[in-house]
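# Summary of the model geometry
The lines below spell out each chain.
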Amino acid sequence: LVRQFFEDNGFRIASERPQVGEFTTTWQRFDELSAGMARSLSSRVSDVAADAETRVRVRIEPGVQRNTSEVFVTSAVRNAAAARCTAFLSGITEQ
């Protein structure tokens with residue numbers, strides 16, 4: 001359900017580890033995402049460049065209460081011209 005939500009909003013899944021409830025998306029330009037998702041993610045970062053790219057990591061864990069889940073989303077933004085070796089965790093925003 002969570003993976004489907006991100007795919008429906010324009011993200012492409014780069015890697016998935018179902019055994020630990022985690023997936024990571026590819027680096028993508030904001031204009032490749034749905035308008036609502038792009039607006040939500042870019043509003044969390046000041047001075048987003050027109051060619052900026054974003055990537056998210058999603059982790060799902062059992063919830064504290066019975067029959068619930070905790071969803072953790074970590075996002076990163078980089079300038080598209082930045083070196084491709086930029087570490088995923090640089091500039092993260094926990095949501």
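Look up: the structure comes first, before these words.
The following refers to the structure shown.

### A closer look at the pattern of salt bridges
- Applying the stated criterion across every chain yields a total of six salt bridges.
- A salt bridge links Arg59 to Glu61, with the shortest nitrogen-to-oxygen separation between them at 2.7 Å.
- Here Arg59 falls in the partly exposed class, since its relative accessible area comes to 30%.
- Among the residues examined, Glu61 registers a relative accessible area of 31% and is labelled partly exposed.
- Connected via shared salt-bridge partners are Arg3, Glu7 and Glu16.

### Remarks on the nonpolar core
- Among the nonpolar cores identified, the biggest contains 13 residues, and Phe6, Phe11 and Leu33 are the most heavily contacted of them.
- Of all the elements in the fold, those that place two or more residues in this core are helix H2 (35–42) and strand S4 (52–62).
- Setting aside residues up to four positions removed in sequence, Phe6 forms contacts with Phe11, Phe23, Met37, Val56, Val58 and Val73.

Reading guide: rules and limits
- Residues numbered from 1 in each chain as written.
- Predicted model: local features only at pLDDT ≥ 70, side-chain atom pairs only at ≥ 80, totals over all residues.
- Heavy atoms only, no water.
- Salt bridge = Lys/Arg side-chain N within 4 Å of Asp/Glu carboxyl O.
- Buried < 20%, exposed > 50% of the residue type's maximum accessible area, 1.4 Å probe, protein only.
- Core = buried A, V, L, I, M, F, W, Y, C linked by side-chain atoms within 4.5 Å.
- Helix = DSSP H or I, 4+ residues; strand = E, 2+ residues; numbered from the N terminus.
- Contact = heavy atoms within 4.5 Å.

Note that every value here comes from positions in space, so none of it alone points to a role or purpose.
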